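Overview (structure and organization)
For reference, the chains in residue letters:
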Amino acid sequence: MAKPSYLLFDRNTKAIFWNLNPNAIQRMLDYDYLVGRSPSIVAIVAPTQTRKFEKFFYGTSEILIPIYRSTQEAAEAHPEADVLVNFASFRTAYKVTMEALDIPTIRTIAITAEGIPERFALEMREKAKSLGKWIIGPATVGGISAGAFRIGNAGGTLQNIVNAKLHRPGSVGLVTRSGGLFNELSNVIARNADGIVEGIAIGGDRFPGSDFLDHLLRFQENPQVKFMIMLGEVGGELEYKVAEAIASGKITKPVIAWCIGTIAKHFGGEVQFGHAGAKAGAERETADAKNQALREAGALVPKSFNDLPELIKGVYEELKAKGEITEIEEPEVPPIPEDYNKLRAQGRVRRPSHFVCTISDDRGEEATYCGIPISEVVEKGYSIADVIGLLWFKRKFPKWASDFIDMVIKIVADHGPAVSGAHNARVTARAGKDLMSALATAILTIGPRFGGAIDGAAKYFKMAKDKGMDPYEFVEYMKNVEKKNIPGIGHRIKSVKNPDKRVELLKNYAKKHFPSTEYLDYALEVEKVTTAKKENLILNVDGTIGVLLVDMFKALGYSDKEIDELIEAGAFNAFFVLGRSIGFIGHILDEKRLGMPLYRHPWDDILYIVERPEEE
Amino acid sequence: MAQRGIREFDAKRILAKNWNDYFGGEFEYDFKSILITPETDLDKIPEEHPWVKETALVAKPDMLFGKRGKLGLVLYKVNTPGDVTWEDAKKWIKEKMGEEIEIKGVKGKLTHFIVEPFIPHEQKDEYYVAMTLSDQGDKIFMSAFGGIDVEENWDKVREVTIPILASEEEAFKLIEENIPEEIEDKKTYAEFVKRLYKYFKDLHFAYLEINPLVLKGNKVFPLDMVARLDDTAQFVAGRKWGEITFPAGFGRELTPEEKYIKELDEKSGASLKLTILNPEGRVWLLIAGGGASVVYSDTVADLGFVKELANYGEYSGNPSRTETREYVKTLFDLMTRQKHKSGKPKILIIGGAIANFTDVAKTFDGIIDAMKEYADKLKEVGVKIYVRRGGPNYEIGLARIKKAAEELGLPIEVYGPETHMTAIVKKALVDDEKAESAS
């Protein structure tokens, strides 16, 4: 590697990102684009993903980043990557890190997960140290090498990155525990000095993989770093190592240091302030004791956090006066394309939509049917028919209409195994196909000849009545003009003397509960004409349902035009499709239960008339 | 959190639960301990544990504080050591239950006791062993001079550090090499410590102490145990621990509000923490971020208002709007129970650093929801709100909270990242107060 050992990252650093976390990955790539370097992430590791690539933006163009099942695989394909950004969960992060440490091409691992057991943290740290490798974290946002490389979410929004001058190197080396304060201090440094060269948040746990001193020693060697800032915390003794290094002359550049958590002394060590590592077990571990030790060692220690900005400004101005720091020429920042979703949320962009939905909404805390949360549908005891009302017609039906729909669905649910739909369902199920395929073949038989009579009856009876045809005229019209049987009239066995009980039930219900039954009445007049010709030309169950649905929609206030549109759209037929699917599924499950073999139609049931074509 | 103390009872229960896996074959442990809580029906104990009627007993509080012998809180004799019957123990516990005592300046009530058989032994049989996870590795402390005076005899304690990556053989070798001279049966003691070390590691203890440890042949009597577990290792060792509770430190029982937030925190991927310091305090903190929350608390104390600091807490890790609302409502509820004794309005600091990825607008929406619900109560006790925050969508968040507070008639001042993080604390507690008293 060409970069000096005190640098963990430069503008050519390539990283493997563990865990498909699209937001964090995109933020890293946005940073790369902002600082004018090539994309830093060359591979993603996600063991449970089946995809081979994922798309991301680099500026306005889209790039593909390959996804691998294991770190090993990713590292073999991308030996140029020496950084692993480990976004695995606290359950997995340890295992991922221990494996990655064994991969020779990986030198630095940043671990974000919070809540990794302390023993695991120590094992990771010791293993990394024994191999001369680096761990940043756990429980950290990571860090930034200004103008070169960003770990995950460090630095926050791009706007903040530019404001806090994290997009180009300044003169300061920064190391903190906390990620939020890392960001905060970068901002303070940008306002009171010229920004950071590199900043690392070592994480809030008791045993960070690398600590304050590890990074400050790198900064000491890095000629770009002119002075350093360390933000320590109550608890632990890591800051003493820094004090010793300053006192012994290992660190010679100016160090501004402050340990937060001076509050703890007021509460007798009983209250956990801040991070997991932030509890003083002894006087030595208090913020005050550490601040004092740092001060005595020669670090520049302010009176309080509030006084930090002034102190930073003072050191910066002094080094500038000495000529050690020169004015930086600010680089031009390319405009970063705004994210569409973000702008939309802010109401700053619009786009015509491609779909419109007026029946349901799944965007809120709970999905709604026509504005009514599903839980309310259940709690208020809505029936299936009520749900049909909401989702098909966007209405809360009155009880008489819901009960009628319920009755219709019950009546059409099945008609035995012999009808074409059920037959198809059974044949397909016996061919070993799944429920969906068998159901689909059954539903596909529904049409003008099978189950289409509801639609047809509604259409023709309504047309006839609306045009003012008298029943005799209508019968003649169907025969002479349309040249077809009247849909909804006629039954194989039932007749005037042997009425269909289902039809009786429907008629009685409608007479009793419907506000009006004018179309039924008209159809019954037609029936009188047809049964006079032939006993079995009665208004059958399909016809009854068809005309009663017209009556129902009329009574619900639908206009003639609206009802015609419903028929045209297939809404009437839909009641048959829905109801009969119950039966179809029954037939399919029956076949599955019975385990009957593949059906083959018997030869003797087929009339074979096969002739060889005449030869030319 | 990470390292959490557990009760002596649990330390022994876990040891017994895992005994066969770690000590089986070689050692025997007859686990007989009873945990007594305010809910325990003392009259049922002899039924459930008939041995209490058959043996002399020891009873002591089990509430994470030590030196119970020196505090006179161990019942092991009425007239002579080893003469405590169940009736004696019952009477003693009834007397002590609910008694207020003071430990290191912290007052609290006695609520939990452990009852065990009295094990007759001589002082010379009292060994000591302790293990702790440290920055340098696992430290093991061993001594032939255990018992209540171990600290006075600390010079006789042998300390050995096992490097964190040491193999089992290396660790065992280090233990063997460091067994104190004074121990009579070194082989048995070493064997026990080796097994205990493996147990300590596997179960993710942060600290484990047996003092005194009495060994009679292959029979082990851990007369007293102190233990801390690394609670983040729940997903690794939770099954070996069994059902465990981590009690708050003595005298630091959680208030219902703290408990509620703790439960909220445990269910969430985000972090929500609340500690009530002084419910009558005037300064209330609603701070985002583990580091920033400490800095704000420091600043309040630096300015001389530590006595008025009502709470410590933080929310971070991008909590949802609902989680934020619940967190803030809990705080507002506490805050609006009474006016401040001075009659002055309470100060609410809504602060935070510049967030890395927490959506400021979203979390502020949660705060605004709670504000709307508590607007009347907040006005009743009087409150002045100071806001400072940066991060994703902060402009939107700041504008919304300002508008909402103004519409609700709550006095508010709002600042972004251009203002130093803790400047609002000084403004609220010093500058504005001065201006107020001057006018």
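Residues numbered from 1 in each chain as written. Chains lettered and ligands numbered in written order. Predicted model: local features only at pLDDT ≥ 70, side-chain atom pairs only at ≥ 80, totals over all residues. Heavy atoms only, no water.

Observations regarding the overall build of chain B
- Regarding its fold elements, chain B presents 13 helices and 18 strands.
- Scored against the burial criterion, the 439 residues of chain B give a buried share of 58%.
- Pairs at least 24 apart in sequence give 71% of the contacts found in chain B among residues at least 6 apart.
- Element-wise, carbon and sulfur atoms account for 48% of the exposed surface of chain B, whose accessible area totals about 19,000 Å². (Helix = DSSP H or I, 4+ residues; strand = E, 2+ residues; numbered from the N terminus. Buried < 20%, exposed > 50% of the residue type's maximum accessible area, 1.4 Å probe, protein only. Contact = heavy atoms within 4.5 Å. Areas by Shrake-Rupley, 256 points an atom, 1.4 Å probe, with all protein chains shown as cover.)

Examining the packing of helix 1 (residues 8-17) of chain B against helix 7 (residues 234-241) of chain B
Residue and element names in this part refer to chain B.
- The interhelical angle for the contact between helix 1 and helix 7, taken along N-to-C directions, is 85°, at an axis separation of 9 Å. With respect to helix 7, the element helix 1 is oriented roughly perpendicular. Facing R13, I14 and K17 of helix 1, the residues of helix 7 in contact are R239, K240 and W241.
- Class assignment of the residues belonging to the contact of helix 1 with helix 7 gives a composition of two nonpolar, no polar and four charged. (Axes fitted to C-alpha atoms, helices over the stretch in contact; angles between N-to-C directions. Parallel < 35°, antiparallel > 145°, perpendicular 65-115°, else oblique. Nonpolar A, V, L, I, M, F, W, Y, C, P; charged D, E, K, R; others polar.)

Describing the packing of aromatic side chains
- If you walk through the whole model with that rule in mind, you get 39 aromatic pairs over all chains.
- Measuring from centroid to centroid gives 5.5 Å for Y22 of chain B and Y199 of chain B, while their planes differ by 75°, and the two rings are edge-to-face. One end of the pair, Y22 of chain B, is in helix 2 (residues 19-22); the other, Y199 of chain B, is in helix 6 (residues 186-202), and 177 residues separate them in sequence.
- An aromatic cluster is present here, built from F9, W19, Y22, F23, F27, Y29, F31, F192, Y197, Y199, F200 and F205 of chain B joined pairwise through their rings.
- We note R284 of chain A situated over the ring of Y240 of chain A; from NZ or CZ to the ring centre the distance is 3.9 Å.
- Its guanidinium or amino end placed over the ring of Y382 of chain A, K396 of chain A lies 5.1 Å from that ring's centre, counting from NZ or CZ. (Phe/Tyr/Trp six-rings, centres within 6.5 Å; stacked < 30°, edge-to-face > 60°. Lys NZ or Arg CZ within 6 Å of the ring centre and 35° of its normal.)

Some details on the sheet that holds strand 2 (residues 34-36) of chain B
All names here are of chain B.
- Taken together, three strands build an open sheet; the order of strands is 2-6-3 and the sheet is antiparallel. Each edge of the sheet is formed by a strand with only one pairing partner; in this case those strands are strand 2 and strand 3 (57-61). When strand polarity is set aside, the average angle formed by the axes of neighbouring strands in this sheet is 25°.
- Where strand 2 meets strand 6 (residues 113-117), three bridges bridge the pair, whose relative direction is antiparallel. If you follow I36 over to strand 6, its bridge partner there is F113.
- Across the sheet, helix 1 touches strand 2, strand 3 and strand 6, and the angle it forms with strand 6 is around 50°.
- Helix 4 (residues 86-96) contacts strand 2, strand 3 and strand 6 of the sheet and is inclined by roughly 10° relative to strand 3. (Pairing = 2+ DSSP bridges.)

Things to note about the nonpolar core
- In terms of nonpolar packing, the biggest core is built from 112 residues, with F227 of chain A together with I349 of chain B touching the most fellow members.
- Every residue in contact with F227 of chain A, bar those within four places of it in the chain, is listed here: S171, V172, G173, A193, P254, I256, I312, V315, Y316, L319 and I325 of chain A.
- Counting residues in hydrophobic clusters, the runner-up holds 67 residues, among them F404, A422, A429 and I486 of chain A. (Core = buried A, V, L, I, M, F, W, Y, C linked by side-chain atoms within 4.5 Å.)

Re the pattern of salt bridges
- Under the definition given, this model contains 84 salt bridges over all chains.
- With a shortest N-O distance of 2.6 Å, D135 of chain B and R125 of chain A are connected by a salt bridge. Remark: R125 of chain A occurs in helix 4 (residues 118-130) and D135 of chain B occurs in the loop between strand 7 (127-134) and strand 8 (137-143); the pair is interchain, linking two chains.
- With a relative accessible area of 28%, D135 of chain B lands in the partly exposed category.
- A single salt-bridge network, built from bridges that share partners, covers R321, R325, E326, K329, D365, D369, E373 and R400 of chain B. (Salt bridge = Lys/Arg side-chain N within 4 Å of Asp/Glu carboxyl O.)

A look at the pairing of strand 13 (residues 255-260) of chain A
Residues and elements named next belong to chain A.
- With six of six residues buried, strand 13 is to be regarded as a mostly interior element.
- The two faces of strand 13 match: V255, A257 and C259 on one face and I256, W258 and I260 on the other face are all buried.
- In terms of handedness, the path from strand 12 (residues 227-233) via helix 8 (residues 238-247) over to strand 13 forms a crossover that is right-handed. (Right-handed = clockwise from strand over helix to strand, strands pointing away.)

A word on the interface of chain A and chain B
- Each side of the interface is counted separately: chain A has 53 residues, and chain B has 56 residues.
- With both sides pooled, the region where chain A packs onto chain B buries about 4,500 Å², and carbon together with sulfur makes up 61% of that total.
- At the boundary of chain A with chain B, the tally comes to three salt bridges.
- One salt bridge connects R119 of chain A with D138 of chain B, and the closest N-O pair in it is separated by 2.8 Å.
- Our count for the contact surface shared by chain A and chain B stands at 17 residue pairs in polar contact (both at pLDDT 80 or more).
- Of all the elements in the fold, those that place two or more residues in the side of chain A that touches chain B are helix 4, helix 5 (158-163) and helix 6 (179-192) of chain A.
- In terms of residue class, the side of chain A that touches chain B is made up of 18 nonpolar, 21 polar and 14 charged. (Buried area = accessible area lost by both parts, 1.4 Å probe. Polar contact = N/O pair within 3.5 Å; in protein donor to acceptor, adjacent residues only side chain to side chain.)

Notes on empty space enclosed by the protein
- Following the criterion strictly, the structure yields one cavity of 30 Å³ or more and no others.
- Size it by volume and the largest cavity reaches roughly 60 Å³.
- Looking at the largest cavity, the residues that line it are T157, Q159, N160, N163 and N187 of chain A together with I354, G390, G391, Y394 and P417 of chain B.
- By residue number, the principal contributor to the lining of the largest cavity is helix 5 of chain A, which donates three residues.
- Partitioned by chemical class, the residues of the lining of the largest cavity number three nonpolar, seven polar and no charged. (1 Å grid on protein atoms, 1.4 Å probe; cavity = no way out; pocket = protein on both sides within 12 Å on 5 of 7 lines; lining within 4 Å. Points joined across faces, edges and corners; volume = space filled by probe spheres on them.)

Let's talk about the sheet that holds strand 5 (residues 81-86) of chain A
Residue and element names in this part refer to chain A.
- Spatially, seven strands are ordered 3-4-2-1-5-6-7 in an open sheet, and the strand pairing comes out mixed. Bordering the open sheet on either side are strand 3 (53-58) and strand 7 (134-136), each of which pairs with just one other strand. Strand-to-strand twist of the sheet, defined as the mean angle between neighbouring strand axes without regard to direction, takes the value 25°.
- Sheet topology note: the strand 2 (residues 41-45)/strand 4 (residues 61-68) ladder contains two bridges and is parallel.

Brief notes about the layout of surface pockets
All names here are of chain A.
- As a volume, the second largest pocket reaches approximately 930 Å³.
- Along the wall of the second largest pocket there are 34 residues; nearest its centre are R449, G451, G452, A453 and D542.
- Among the elements of the structure, helix 14 (399-412), helix 17 (453-466), helix 21 (541-555), helix 22 (560-569) and helix 23 (571-594) are those that each provide at least two residues to the lining of the second largest pocket.
- Per-element tally for the lining of the second largest pocket: the top contributor is helix 17, with five residues.
- Residue composition of the lining of the second largest pocket, grouped by class: 14 nonpolar, eleven polar and nine charged.

Section: a nonpolar patch on the surface
All names here are of chain A.
- Together, W603, I606, Y608 and V610 give the surface a local cluster of nonpolar side chains, amounting to about 490 Å² of exposed area.
- Locating V610 in the fold gives a position in the segment after helix 23.
- The class for V610 is exposed, based on a relative accessible area of 72%. (Patch = residues over 30% accessible without salt bridge, like charges linked within 9 Å, V, L, I, M, F, W, Y side chains within 5 Å.)

Description of the confidence of the model for chain B
Residue and element names in this part refer to chain B.
- Counting all residues, the mean pLDDT for chain B is 94, and 99% of those residues have values of 70 or more.
- Taken element by element, the predicted model of chain B shows its lowest mean pLDDT in helix 13 (residues 423-438) (86) and its highest in helix 1 (98).
- Scored by ipTM, the complex comes to 0.92, with pTM at 0.82. (pLDDT = per-residue confidence, 0-100.)

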